[in-house]
Amino acid sequence: MLNANRRGVVIMEKTKKVCCIDGTNINSKKSFYVFVFIISMGFSGCMVGPKYTKPTVETPVGWATLQNPVTDDKPEVPIEIRGSKQVDLVSWWDCFNDPMLGELIEKAVDSNHDLRLAEARLREVRAAYGVSRAALYPQLKGRAGYKRQHESENGPFGYLSDLDYNEYRVGFDASWEIDLWGRARHEKQAKKAEEGAALEDLRNVLVSVIGEVSCSYIELRGFQRRVALIEKNRATVQKRLMLTEKRFQAGLASEVEVNEVSANLAGLTAEIPVLEGEVRQRIHAISTLLGELPGKYVERLSLEKPLPDLPANVEVGLPVELLDRRPDIREAERRLAAATERVGVAKADLLPRLSLSALFAYEALDFDRITDSDSRASSFGPSFILPIFNAGRIRSNINVKTVQQEQALIKYERVVLAAYKEVEDNLATYSAQQLRHEKLYRRVRKLQSTADLSQELYDKGKFNLLEVLEAQRTLLVAQDELVQNEITLSVQLVSLYKALGGGWGSGSKKMRI
């Protein structure tokens, strides 16, 4: 006896043999599906599109500034800059021998908002990589449903005695797009490269944050030293004003001398609020970099401390190390890798796409029979999609991705050149500031001798007061210039280490990167 169900399948009740309506045996097609599956797995090893290789760029043998110095003059006590061996610049700020600076940097690594934002971007890109990787594997979904159906009396099933029935369904369906031409694999590798770029961006932010904290701290100590210098001179001038007023009352000094000393004192006093404002701004900057309110560290950092010590030797390493140490270079290389993989994704769109789908479920009109063997339903089959006409959209997209790859290569080469220029510029500036520091130091020593001698002659009555005040004013200006040069020299050293890409390994463990 033959019965026809609503799925177009004929059931032979005695033999329980299932056939399609065209008379072919369903079980006989299993071998065909297995064959299709094996062939598709064989094709999945093919990948169209370019294979990425890291580009080679020209690197200098040595640093030009060290081989050809800015000037032939040599300071009496030179700070040697060496670039003849590999160096570890992970914790370069240790060369300043300032524990508080190290503590502030550790706090910034933990709490800086720019770092936290970059770390969140990295987690986002890593999640996107997981999405692209999932496209390589079959997708399996579970389904369950219930439907109450009423058939039309004038419809194809109107002859049935019962037009109202329930339908229960539970099962699984699976789908899998075979990666014949490497489309999904190129996409996965592109996402992996973007993950690497996001990681290098985080490291680049880390280098910048450490540099900003260091510069702000050095400038803070520098402005505090300038305030202390003026305070010291103001105290001296204050005493001189008292002595000059007594001499004026005794008829030994003129009113002009009193006014001159008083004006000198007022000028020094006027400088202090400006410098104290600069001190407070640096404290605010440090607090913000550490993820705190601007006034958080006012009490702790307001206490004057000396400028961090400059190292006796500055190790800058070999030029070839820069390619692996600078995060921005590494990021540009990863962007280039991603752009190259995108070309492969675009080219794969020209070729056919093969998908496999399968269904296994239980269907029954009576819930009590849902698990019966007669309630089983299944299907399996491949499908092909072949682009025939799209008005040149796919080839235009290939051209877009190819040009984007070319742009990424140009950007990479530009970043490399800019990095070497930045290092050479900082080496040249640091060397020049080092030589200037030596000359300013000599000047201060000579002016100090002049000021001491003029005071001695004034005490003996052989020098007038105006000449003494002028000598002391000139000395103060020179001392202030020397302090500013020491600030510039320290900040320039920080800039040099930033240009070398130092510091990004310090927070990797803490930020779990």
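Above: the structure in question.
The structure contained in this document is the topic of the report that follows. (Residues numbered from 1 in each chain as written. Predicted model: local features only at pLDDT ≥ 70, side-chain atom pairs only at ≥ 80, totals over all residues. Heavy atoms only, no water.)

**Some thoughts on the overall build of the protein**
Piece 1. Across its full length, the protein holds 11 helices and nine strands.
Piece 2. Here the protein holds 513 residues, and 40% of them are scored as buried.
Piece 3. Counting every atom, the protein has about 29100 Å² of accessible surface; 55% of that belongs to carbon and sulfur. (Helix = DSSP H or I, 4+ residues; strand = E, 2+ residues; numbered from the N terminus. Buried < 20%, exposed > 50% of the residue type's maximum accessible area, 1.4 Å probe, protein only. Areas by Shrake-Rupley, 256 points an atom, 1.4 Å probe, with all protein chains shown as cover.)

**Focus on the pattern of salt bridges**
Piece 1. A complete count under the given rule lists 34 salt bridges for this structure.
Piece 2. Between R325 and E321 there is a salt bridge; the shortest N-O distance is 3.1 Å.
Piece 3. Of the charged contacts, one joins E422 and R326 as a salt bridge, the two residues approaching to 3.1 Å between their closest N and O atoms. Taken together, the residues E422 in helix 10 (residues 393-459) and R326 in the loop between helix 8 (322-325) and helix 9 (327-348) connect sequence positions 96 residues apart.
Piece 4. Looking at E422, the relative accessible area reads 33%, which means it is partly exposed.
Piece 5. You can call R326 buried: its relative accessible area is 6%.
Piece 6. Taken together, the salt bridges that share partners define one network made up of E187, K191, E194 and R342. (Salt bridge = Lys/Arg side-chain N within 4 Å of Asp/Glu carboxyl O.)

**Quick look at the packing of helix 5 (residues 183-249) against helix 6 (residues 255-289)**
Piece 1. One can describe the packing of helix 5 onto helix 6 by two numbers: an axis separation of 8 Å at closest approach and a directional angle of 160 degrees. Comparing their axes, helix 6 and helix 5 come out roughly antiparallel. The chirality of how helix 5 crosses helix 6 is left-handed.
Piece 2. Its residues placed into classes, the contact of helix 5 with helix 6 shows 20 nonpolar, eight polar and 13 charged. (Axes fitted to C-alpha atoms, helices over the stretch in contact; angles between N-to-C directions. Parallel < 35°, antiparallel > 145°, perpendicular 65-115°, else oblique. Left-handed = near helix turned anticlockwise from the far one by under 90°. Nonpolar A, V, L, I, M, F, W, Y, C, P; charged D, E, K, R; others polar.)

**Description of the side chain of N264**
Piece 1. In this fold, N264 is placed in helix 6.
Piece 2. Sequence-distant contacts of N264, that is, excluding residues within four places in its chain, are made with V237, L469 and R473. (Contact = heavy atoms within 4.5 Å.)

**Things to note about the sheet that holds strand 6 (residues 164-178)**
Piece 1. Read across the sheet, four strands follow the order 5-6-8-9 without closing on themselves; strand pairing throughout is antiparallel. What marks the edges here is a single partner per strand, and that holds for strand 5 (139-150) and strand 9 (376-385). Across this sheet, the average inter-strand angle for adjacent strands is 20 degrees, counted without regard to direction.
Piece 2. Across 11 bridges, the pairing between strand 6 and strand 8 (residues 353-364) is antiparallel. By the bridge assignment, A174 is partnered in strand 8 with A358. (Pairing = 2+ DSSP bridges.)

**Details of unusual backbone geometry**
Piece 1. Despite not being glycine, N97 shows a phi value in the positive range, around 55 degrees.
Piece 2. With respect to the element layout, N97 can be found in the loop between strand 4 (80-82) and helix 3 (99-111).
Piece 3. For A391, which is not glycine, the phi torsion reads 60 degrees and is therefore positive.
Piece 4. Here A391 is to be found in the loop between strand 9 and helix 10.

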